[in-house]
Amino acid sequence: MKYLPLKIILLLFLSFPVQSQTVLGKWENTNEQGKVNSIIHIYEKENKVFGKVDRIMKEEDRDRVCTKCEGDLKNEPIEGMELMKGLEKDGDEYVGGTIVDPKSGKEYRCKIWLDDDNPDVLKVRGYISLFYRTKKWRRAK
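Reading the values: rules and limits
Residues numbered from 1 in each chain as written. Predicted model: local features only at pLDDT ≥ 70, side-chain atom pairs only at ≥ 80, totals over all residues. Heavy atoms only, no water. Helix = DSSP H or I, 4+ residues; strand = E, 2+ residues; numbered from the N terminus. Buried < 20%, exposed > 50% of the residue type's maximum accessible area, 1.4 Å probe, protein only. Core = buried A, V, L, I, M, F, W, Y, C linked by side-chain atoms within 4.5 Å. Contact = heavy atoms within 4.5 Å. Pairing = 2+ DSSP bridges. Axes fitted to C-alpha atoms, helices over the stretch in contact; angles between N-to-C directions. Phe/Tyr/Trp six-rings, centres within 6.5 Å; stacked < 30°, edge-to-face > 60°. Lys NZ or Arg CZ within 6 Å of the ring centre and 35° of its normal. Salt bridge = Lys/Arg side-chain N within 4 Å of Asp/Glu carboxyl O.

1. A word on the overall build of the protein chain
Scanning the protein chain for helices and strands turns up one helix and eight strands. Ordered by position from the N terminus, the helices and strands of the protein chain form the series α-β-β-β-β-β-β-β-β. The 141 residues of the protein chain split such that 33% are buried.

Printed below as a string of structure tokens:
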């Protein structure tokens, strides 16, 4: 009888769903050599997911602008740029949005999802027609 309150508390604790990992937060974008180029902040706005360049790691590159971008992003600073837009949750993935590569100025259709084996790895896929490329970003500490 004296353990009954403990059992009740334990039962209540276990009945709440465990919150799964999320794509929201800060992610390290790396180059081909594995060096971190920038930190991307992924956030939710109006029930859609967006991502912006939170920090460029090389201090001398922090004032760079997107000279090759088109439209509203033309000549905008890359640090602070909203480069991922309009993703919507579809099962375990976020789809239907776009992502811009500030180096080339090109815009791609985009989807993102957490790695099945490691929720601290985000897979980011950009599409043009039937062709795609997938990058892995690591959760920033």
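Next, the rest of the story.
2. With respect to the nonpolar core
Within the largest apolar cluster, 24 residues are counted, with the highest numbers of intra-cluster contacts made by Ile42, Met84, Ile112, Leu122, Val124 and Trp137. Breaking this core down by element, the ones donating at least two residues are β2 (36–45), β3 (48–56), β4 (82–90), β5 (93–100), β6 (107–114) and β7 (121–128). If near-sequence neighbours (up to four positions away) are discounted, methionine 84 is found in contact with Ile42, Phe50, Gly51, Thr98, Ile99, Ile112, Val124 and Trp137.

3. Some thoughts on the sheet that holds strand β1 (residues 25–30)
Strand order in the closed barrel made by the eight strands is β1-β2-β3-β4-β5-β6-β7-β8, with antiparallel pairing throughout. With strand direction ignored, the average angle separating the axes of adjacent strands in the sheet is 30°. Where β1 meets β2, six bridges bridge the pair, whose relative direction is antiparallel. Bridge pairing in β2 links glycine 25 to isoleucine 42.

4. Here's the deal with the packing of aromatic side chains
The way to describe two aromatic rings as a pair is by their centre distance and the angle between their planes. Counted by the stated rule, this structure contains two aromatic pairs. Ring plane angle 20° and centroid distance 6.1 Å describe the contact between tyrosine 43 and phenylalanine 50, whose orientation is recorded as stacked. For the residue pair tyrosine 43 and phenylalanine 50, the accessibility class agrees, reading buried in each case. Geometrically, the ring pair formed by tyrosine 127 and tyrosine 132 is tilted, given 5.8 Å between the ring centres and 55° between the ring planes. A cation over a ring is seen here: lysine 45 above phenylalanine 50, with NZ or CZ 4.5 Å from the ring centre.

5. What about the pattern of salt bridges?
Tallying each qualifying case throughout the model produces ten salt bridges. Measuring nitrogen to oxygen at the nearest pair gives 3.3 Å for the salt bridge that ties glutamate 88 to lysine 48. Remark: lysine 48 occurs in strand β3 and glutamate 88 occurs in strand β4; sequence separation between them is 40 residues. Classification of glutamate 88 as partly exposed rests on a relative accessible area of 40%. Judged by relative accessible area, lysine 48 falls into the partly exposed class, the value being 32%.

6. Remarks on the pairing of β7
For β7, the tally of buried residues reaches seven of eight residues, placing the bulk of the element in the interior. Two strands pair when backbone bridges link them, and β6 and β7 are joined in this way by six bridges, in the antiparallel orientation. Bridge pairing in β7 places lysine 111 opposite arginine 125. Here β6 hands over to β7 after six residues, the two strands then running antiparallel side by side. Sheet topology places β7 next to strand β8 (residues 131–139); eight bridges connect them, and they run antiparallel. Bridging from a neighbouring strand, lysine 123 pairs with lysine 136 of β8. Hairpin connection, β7 to β8: the antiparallel pair is bridged by two residues, and serine 129 has positive phi, about 55°.

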